Amino acid sequence: MTYVTSLPLPKLLTQLRQLPPNSIALFTSLFQDGAGEAFVPHEVVPLVSAAASVPLYGFLDQYLGRGIVGGKLYGSATQGSGAAELVLQSLYGAAPQDMQVREPPAGRLQFDSYQLQRWGIAESDLPPGSEIYFGRATMWEQYHWQIIGIIAAVLAQTGLISWLIYEHRRRTLAEVRSRDAMAELANMNRLATAGELSASIAHEINQPVTGIVLKASAALRWLAVDKPDLERIRNTLSDIVGAGQRAGEIITSVRAMFKKDSDLAAPVNLNALTGTVLALLRVDLQKDGVRVETQLDGELPAVTGDAVQLQQVILNLVVNAADAMRTVQPRVLTVRTSRNGSGTVRMSIEDTGTGINEADRDRIFHPLFTTKAGGMGMGLSICRSIVENHGGRIWVSAAAGRGSIFQFELPVAGGRIANHELAA
Ligand code: ADP
């Protein structure tokens, strides 16, 4: 232990700068240096601390925060107030032997956080019960959990927002694409069906036209005689008018079927549509040996929608049913319409065909799913999009015997409309 208190302050500081490692400096007090210059001790502490090349310790808490690392420090304030109490007792005339002299409280282990950091002394190396003062805790040290929480929340929110924007964009794009594809395919499907139907339309129109030609030729012949039978000729002419009108109706219904624009607000009667579809397919169904049975509810309320599109649904389902029965016997197609209590009407198209595997039942409504050699796999997906567009649903189940039942339900229109008031 070397005492350096007898040196003048400048020399003292120089010596402190050159202390060897692994030593410490202990500041007791300094009222006057070796040169006789007077000081206030706590004002010297910062100078000594700044100069010392090793940690500076002390005894008095008064020096904590001025440059000492710390130590077991006495409180000058408590000692001062103890002394003041004795002075007061003396002033009030107490005899010295009656005065109570109290031991000053034991020193407390107190340290300056800044000096600990300066000398690389870990807080964990301090004796138990040490108090640390002047900790300059960073924002991070003080609030790190809150900061982590806020950053995590902001990141999570940013991530969520980005994900939502991405999903929204993706969905919008997908919707646009699927709408375009659906519209295109629905149109393609109509054109494809047009080819299949042309034979049956030709047959339907051929009948009245052949009748017209035969009857007109006969009428011409009857006019050539001297006394023509005008009554007979008049009857024949009205037959010709009737046949012409029938041909006109067929053409009108075909034209309605391929009309591209849609009107979802018109009242539509499913019975009437069924009639039109079965009339159009009559020849094909006959040729395929399909027996058609209809159980149509005479009081069926109208639905609201596009007759052409709904006709397309029925047509697809009937054509599919006929396809499914091509390789089996008997071939019975049953078309039913009925009312539901829940404000909907139901149409069911049952066949005695090959049926559908349990595994395929969900997939058949997906676009491009087909089991047919020349199939497009679009019919049912178009049916579903049309039915759902009309606020309805479509599903398939196994028929009681063999085959399948395709059913769809649509909400009824505002009021009930008699069949004869509705155009098919
Ligand atoms: P595609 O007519 O091109 O095959 P669809 O969408 O109309 O396309 O039908 C998809 C598939 O669903 C058909 O290939 C067929 O396997 C099956 N399917 C549709 N209707 C029936 C039915 N009534 N009976 C059995 N299978 C059917």
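Definitions and cut-offs
Residues numbered from 1 in each chain as written. Predicted model: local features only at pLDDT ≥ 70, side-chain atom pairs only at ≥ 80, totals over all residues. Heavy atoms only, no water. Pairing = 2+ DSSP bridges. Helix = DSSP H or I, 4+ residues; strand = E, 2+ residues; numbered from the N terminus. Axes fitted to C-alpha atoms, helices over the stretch in contact; angles between N-to-C directions. Salt bridge = Lys/Arg side-chain N within 4 Å of Asp/Glu carboxyl O. Buried < 20%, exposed > 50% of the residue type's maximum accessible area, 1.4 Å probe, protein only. Near = heavy atom within 4 Å. Polar contact = N/O pair within 3.5 Å; in protein donor to acceptor, adjacent residues only side chain to side chain. Areas by Shrake-Rupley, 256 points an atom, 1.4 Å probe, with all protein chains shown as cover. Contact = heavy atoms within 4.5 Å. Phe/Tyr/Trp six-rings, centres within 6.5 Å; stacked < 30°, edge-to-face > 60°. Lys NZ or Arg CZ within 6 Å of the ring centre and 35° of its normal.

Draft legend 1. The sheet that holds strand β4 (residues 108–112), seen in detail. Strand order in this open sheet of three strands is β3-β4-β5, and the pairing throughout is mixed. The two strands at the open ends of the sheet, each matched to only one other strand, are β3 (70–73) and β5 (131–133). Direction aside, neighbouring strands of the sheet carry axes that sit 25 degrees apart on average. The sheet contact formed by β3 and β4 spans four bridges and is antiparallel. Paired with K72 across the two strands is L109, which belongs to β4.

Draft legend 2. Looking closely at the pattern of salt bridges. Taken as a whole and judged by the stated rule, the model has 16 salt bridges. Here D323 makes a salt bridge to R326, at a shortest N to O gap of 2.6 Å. Assessed through its relative accessible area of 26%, D323 is described here as partly exposed. A relative accessible area of 42% means that R326 is categorised as partly exposed.

Draft legend 3. Layout of the site of the ligand. Around the ligand, the structure places 19 residues, and the nearest of them are T370, T371, M376, G377 and L380. Between the ligand and N320, the relevant distance is 2.8 Å, taken from an oxygen atom to a side-chain nitrogen or oxygen of the residue. Within the contact set of the ligand, an oxygen atom lies 2.7 Å away from a backbone nitrogen or oxygen of L380. Across the complex, the protein chains shield 91% of the 530 Å² of accessible surface that the ligand would expose by itself.

Draft legend 4. Expanded view of the side chain of T337. Position of T337 among the secondary structure elements: in strand β9 (residues 332–339). Looking at T337, its side chain comes within polar contact range of the side chain of N271, at 2.7 Å. Every residue in contact with T337, bar those within four places of it in the chain, is listed here: L270, N271, Q295, L296, D297, L300, R346 and M347.

Draft legend 5. View of the packing of aromatic side chains. Scanning the entire structure with this criterion turns up three aromatic pairs. With a centroid separation of 6.2 Å and an interplanar angle of 65 degrees, the aromatic rings of F365 and F406 are classed as edge-to-face. Of this pair, F365 sits in the loop between β10 (344–350) and α9 (379–389) while F406 sits in strand β12 (residues 404–411), placing them 41 residues apart in sequence. Classification of F365 by relative accessible area gives buried; the value is 6%. For F406, a relative accessible area of 7% gives the class buried. Cation over ring: R232 sits above W222, and NZ or CZ is 3.9 Å from the ring centre. The ring of W395 carries R393 above its face, with NZ or CZ at 4.0 Å from the centroid.

Draft legend 6. Representation of α9 within the structure. For α9, the full list of buried residues reads G379, L380, S381, I382, C383, I386 and V387. Of the residues trailing α9, G391 is marked for its positive phi of about 80 degrees.

Draft legend 7. Structural context of unusual backbone geometry. In this structure, P330 follows Q329 across a cis peptide bond, with omega equal to -10 degrees. Tracing the backbone through its elements, the reader meets P330 in the loop between α8 (307–324) and β9.

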